[in-house]
Amino acid sequence: MPVPQEVSLQSGTFALKKDFRISLSGEPDQRILQASTRFLRRLSNRTGLFLKQGYVTDTNFGKGGSLHIHVNRPGEVRLHEDESYTLDISRSGIRVEAETDLGAMHAMETILQLIESGESGYQLPGIEITDSPRFPWRGLMMDVARHFQPIEVIKRNIDGMAAVKMNVLHLHLTDDQGFRVESKSYPVLHQKGSDGQYFTQTELRTIVRYAADRGIRVVPEFDVPGHASSWLAAMPELGSVEGKKSYEIERNAGIFDPTLDPTNEKTYEVLAAVFKEMAEIFTDEYFHIGGDENEGRHWDANKRIQAFKNEKGFKDNHALQNYFNTRLLTHLESYGKRMVGWDEILQPGLPKSAVIQSWRGIDALVNSAQQGYQTFLSNGFYIDLMHTAVNHYKTDPLPDSVSLTDEQRKLILGGEATMWAELVIPHTVDSRIWPRTAAIAERLWSAQDVNDVEDMYRRLEIMSLQLEEHGLLHIASRDQILRKLAGGHDIAPLQTLNNITGPLQRYTRNPGGTMYQSYSPFTLWADAAVADSETARKFDSAVQAYLNDKNAKSGDYIKDQLLIWYENHEALSKIIRVSPMLKEIEGLSEQLMEVSELGMQAVYLFEKNETPDLNWLSEAEKVLKKARLQGGRTELMNVNTIEQIVRSLVKVETGN
Ligand code: ACM
């Protein structure tokens with residue numbers, strides 16, 4: 001995962017043994033040597049083999065070796081670099097060929113995914129693969145502003161990205177809730193804008209280096225002129241409210257009014273200085289200035305800003321923001337950068353060198369490309385909305401339905417999953433990113449016609465386990481939270497309920513953006529639940545098979561599952577009674593019992609081919625309605641499926 005462009009299975013297998021050895025030829029550099037060493041370590045840990053070769057160094061140049069890697073040249077970590085590779089595995093050995101080491105690193109990830117157990121140990125299947133990405137920009141955006149994510153979180157997620165061949169880490173570094181980088185030109189920004197939680201410049205350089213070592217670009221984002229409360233908490237003189245002496249770091253979620261003053265030369269002085277120091281640290285050509293969700297209230301309320309607008313002949317705030325953006329673009333170009341912004345920056349007169357990140361809809365993506373801008377898609381890839389993986393998987397940055405010329409198509413660079421962090425902390429962020437982001441990675445790498453959902457989920461489950469080897473907590477954090485909630489009791493009944501719930505979707509978990517503050521607890525019931533309940537999915541596919549054919553094997557599984565859910569309430573109630581933190585799920589647990597009982601009755605009627613009476617149906621409606629109530633900011637994910645069993649009992653008379 002992602003599925004390669006061309007795969008051809010061959011007969012025979014390659015047996016993995018402790019004399020496994022890597023050799024290299026062509027023009028290998030330090031990066032591929034280190035990547036090869038990391039590969040050996042992962043191979044060793046996956047197979048338990050005490051490999052004789054511990055490190056790959058320049059003494060391993062030359063022929064021979066069980067895995068031979070040939071790279072023509074060191075790759076540059078930049079947009080449009082060659083990432084292709086070929087991989088040939090046969091009984092006698094493994095050969096990787098790539099134009100650059102970036103392609104060779106992708107090949108190594110592919111090999112690690114192919115390990116299987118055989119009669120006499122671990123092995124690799126005979127195979128020939130020719131692979132390259134469909135899109136050159138395959139990103140993950142991590143918001144480290146709403147909740148700070150320290151460097152170890154960033155590193156393990158970079159490793160996860162590399163495992164699924166993603167190549168852009170977009171760091172959303174500043175927002176109303178925090179200014180998360182050390183500034184040497186204006187230290188007051190991190191001193192007063194971050195609550196002490198920010199990356200030092202050494203850490204930023206470490207992140208850039210760590211990512212580059214894995215073929216991943218890092219694009220920094222400084223979100224201006226809106227989303228700027230943290231800048232203004234440090235430097236209120238840059239704000240748009242005349243004479244306002246102080247601003248606060250924002251603690252809630254939402255869209256806020258504090259906005260940089262685009263008519264103040266000091267604003268440009270500060271931004272130019274901060275961008276200059278960041279442009280040196282973030283060596284990628286692309287630099288993101290945000291630009292989203294500026295509602296301009298503070299601009300409208302400021303007479304001086306309004307006068308400036310009139311004087312310049314700007315017809316609205318969009319034109320004023322375009323003036324602001326264009327000035328930033330000029331600074332960024334002088335530092336050798338291309339400016340990226342959210343799709344609000346697409347305004348008449350925006351220089352064509354700007355790049356548009358489409359988030360409000362695919363229209364912005366298509367419009368941008370039609371107007372000649374480079375662009376990439378995030379609408380449909382908002383993983384913080386807690387939708388299922390298939391939801392994102394079906395989002396295509398370049399569907400057949402869009403009519404664009406070949407030149408315009410090339411401007412669509414790919415996409416980015418966006419991990420907004422209002423409701424996540426370092427302990428839980430991985431469980432929102434993974435494994436669903438692997439499905440997005442596949443959408444951005446694999447051919448457009450790779451879209452078998454069932455097969456995607458089959459592979460996603462395997463990937464999810466493999467991703468744990470990078471220290472990602474997407475699986476482990478769940479039980480850790482449940483153990484805390486259970487206070488020493490067996491967590492099995494908690495798991496049974498949690499596994500069939502999902503956090504409330506979109507932004508309904510946090511009504512008005514004020515139910516949670518940035519300092520609220522985020523290791524509660526909903527934080528253990530994940531967006532894509534595997535249990536719900538398996539139950540649903542079993543029910544689909546069963547409704548098609550009541551003799552299907554899945555009938556027993558369905559009955560067993562419903563009984564487990566039904567009986568869970570008694571065991572769980574005992575734990576809830578002694579755990580005040582679990583009070584919030586008492587109703588939810590009861591709902592699961594009731595809806596499962598309904599499910600069992602419905603299955604019984606279905607099996608007996610009996611039609612229920614109206615009383616039963618009306619009770620069923622009540623149970624289903626109640627089952628949809630939230631509990632602990634989560635909801636049951638099996639209600640639609642049970643409802644479907646109930647509906648199947650009602651024989652609709654179709655008259656002529
Ligand atoms: C955004 O989600 N405000 C870019």
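Quick notes on the rules
Residues numbered from 1 in each chain as written. Predicted model: local features only at pLDDT ≥ 70, side-chain atom pairs only at ≥ 80, totals over all residues. Heavy atoms only, no water. Helix = DSSP H or I, 4+ residues; strand = E, 2+ residues; numbered from the N terminus. Rg over C-alpha atoms; globule rule 2.2 N^0.38 Å. Buried < 20%, exposed > 50% of the residue type's maximum accessible area, 1.4 Å probe, protein only. Contact = heavy atoms within 4.5 Å. Areas by Shrake-Rupley, 256 points an atom, 1.4 Å probe, with all protein chains shown as cover. Pairing = 2+ DSSP bridges. Right-handed = clockwise from strand over helix to strand, strands pointing away. Salt bridge = Lys/Arg side-chain N within 4 Å of Asp/Glu carboxyl O. Core = buried A, V, L, I, M, F, W, Y, C linked by side-chain atoms within 4.5 Å. Axes fitted to C-alpha atoms, helices over the stretch in contact; angles between N-to-C directions. Parallel < 35°, antiparallel > 145°, perpendicular 65-115°, else oblique. Left-handed = near helix turned anticlockwise from the far one by under 90°. Nonpolar A, V, L, I, M, F, W, Y, C, P; charged D, E, K, R; others polar. Expected span 1.5 Å × (residues − 1). Phe/Tyr/Trp six-rings, centres within 6.5 Å; stacked < 30°, edge-to-face > 60°. Lys NZ or Arg CZ within 6 Å of the ring centre and 35° of its normal. pLDDT = per-residue confidence, 0-100. Polar contact = N/O pair within 3.5 Å; in protein donor to acceptor, adjacent residues only side chain to side chain.

## Quick notes on the overall build of the protein
Looking only at helices and strands, the protein features 24 helices and 18 strands. Relative to its length of 656 residues, the protein is compact, with a C-alpha radius of gyration of 27 Å against a globular reference of 26 Å. Dimensions of the protein along its principal axes, counting C-alpha atoms only, are 80 × 70 × 60 Å. In the protein, which comprises 656 residues, the share counted as buried stands at 58%. Nonlocal contacts in the protein, meaning residues at least 24 apart in sequence, comprise 75% of its contacts between residues at least 6 apart. Carbon and sulfur atoms make up 50% of the accessible area of the protein, which amounts to about 26,600 Å² in all.

## What about the pairing of strand β8 (residues 137–143)?
Most of β8 is tucked away: 7 of the 7 residues are buried. Pairing of β8 with strand β16 (residues 412–419), which is carried by 6 bridges, proceeds in the parallel orientation. Across the sheet, the residue bridging to M142 is M419, located in β16. Of the pairings in the sheet, the one linking β8 to strand β9 (residues 168–175) comprises 5 bridges and is parallel in character. Its bridge partner being in β9, M141 is matched across the sheet by H170. Following the backbone out of β8, through helix α3 (residues 151–163) and into the adjacent parallel β9, one traces a crossover that is right-handed.

## Points about the pattern of salt bridges
Evaluated as defined, the whole model comprises 45 salt bridges. For E83, the salt bridge goes to R138, with nearest N and O atoms at 2.7 Å. In this pair, E83 sits in the loop between β3 (67–73) and β4 (85–90) while R138 sits in strand β8, placing the two residues 55 residues apart along the sequence. Given the relative accessible area of 6%, E83 is considered buried. One salt bridge in this structure joins D261 and R304, with 3.0 Å as the shortest N-O distance. Of the two residues, D261 is situated in the loop between α6 (229–234) and α7 (265–281) and R304 in helix α9 (residues 303–312); the sequence distance between them amounts to 43 residues. Classification of R304 as partly exposed rests on a relative accessible area of 38%.

## Examining the nonpolar core
Note on soluble globular proteins: their nonpolar side chains tend to be buried together. Within the largest apolar cluster, 101 residues are counted, with the highest numbers of intra-cluster contacts made by L169, L171 and W231. No other element matches α7, which puts 8 residues into this core. Setting aside anything within four residues of it in sequence, one finds W231 in contact with T174, F179, L189, F222, D223, V224, L260, V270, L271 and V274. If you look at the next biggest cluster of nonpolar residues, it comprises 43 residues, including I481, A486, W525 and V639.

## Focus on the packing of helix α15 (residues 436–445) against helix α16 (residues 453–467)
The contact between α15 and α16 brings their axes to 10 Å, and the two run at 125°. Comparing their axes, α16 and α15 come out oblique. For the element pair α15 and α16, the recorded crossing hand is right-handed. Of the residues in α16, those in contact with A438, A439 and E442 of α15 are M456, R459 and L460. Here the contact of α15 with α16 is composed, by residue class, of 4 nonpolar, no polar and 2 charged.

## Describing helix α5 (residues 201–212)
For α5, with 12 residues, the first-to-last C-alpha span of 16 Å sits near the 16 Å given by 1.5 Å per residue. Against the buried residues of α5 lie α3, β9, β11 (217–222) and α7.

## Considerations on the packing of aromatic side chains
Following the criterion strictly, the structure yields 19 aromatic pairs and no others. With a centroid separation of 5.1 Å and an interplanar angle of 55°, the aromatic rings of Y546 and F606 are classed as tilted. Here Y546, found in helix α20 (residues 534–548), pairs with F606, found in helix α22 (residues 586–608); they are 60 residues apart in sequence, far enough to count as distant. Accessibility assignment for this pair places Y546 and F606 in one class, buried. Aromatic ring contacts, followed pair by pair, group Y268, F308, F314, Y323 and F324 into a single cluster. In this structure, R214 packs its charged tip against the face of Y210, placed 3.6 Å from the ring centre. In this arrangement the basic side chain of K244 is found over the ring face of Y247, its NZ or CZ atom lying 4.8 Å from the centre.

## Observations regarding the confidence of the model for the protein
Averaged over every residue, the pLDDT of the protein is 97; the share at 70 or more is 99%. Summarising per-element confidence for the protein, the mean pLDDT is lowest in strand β6 (residues 116–118) (94) and highest in β9 (99).

## Some points on the side chain of S554
Within the element layout of this structure, S554 appears in helix α21 (residues 554–578). Assessed through its relative accessible area of 13%, S554 is described here as buried. Among the polar contacts made by the side chain of S554, one reaches the main-chain carbonyl oxygen of A542 at a distance of 3.0 Å. In this structure S554 touches A542, A545 and Y546, once residues within four positions along its chain are discounted.

## Description of unusual backbone geometry
The linkage connecting M1 with the following residue, P2, adopts the cis geometry, with an omega of 0°. Cis geometry marks the peptide bond from W434 to P435; its omega dihedral reads 0°. By the secondary structure assignment, P435 is in the loop between α14 (429–433) and α15. The phi angle at H80 is positive, at roughly 75°, despite the residue not being glycine.

## Considering the environment of L547
When you line up the elements, L547 lands in helix α20. Taking the C-alpha atoms as reference, L547 lies 44 Å from M108; in sequence the two are 439 residues apart. For L547, the residues in contact, after removing those within four places along its chain, are F606, Q644, I645 and S648.

## Details of the pairing of strand β2 (residues 22–26)
The element β2 is largely enclosed, with a buried count of 4 among its 5 residues. Pairing analysis gives 5 bridges linking β2 to β3, with the strands arranged parallel. For S25, the partnering residue across the bridge sits in β3 and is H70.

## Re the environment of G26
Along the chain, the position of G26 falls in strand β2. For the pair G26 and P74, spaced 48 residues apart in sequence, the C-alpha to C-alpha distance is 9.6 Å.

## With respect to the side chain of Q374
Within the secondary structure layout, Q374 lies in strand β15 (residues 374–377). Assessed through its relative accessible area of 11%, Q374 is described here as buried. Polar side-chain contacts of Q374 include one of 2.7 Å to the side chain of Y286. Setting aside anything within four residues of it in sequence, one finds Q374 in contact with L79, Y286, R338, A354, V355, I356, L411 and L413.

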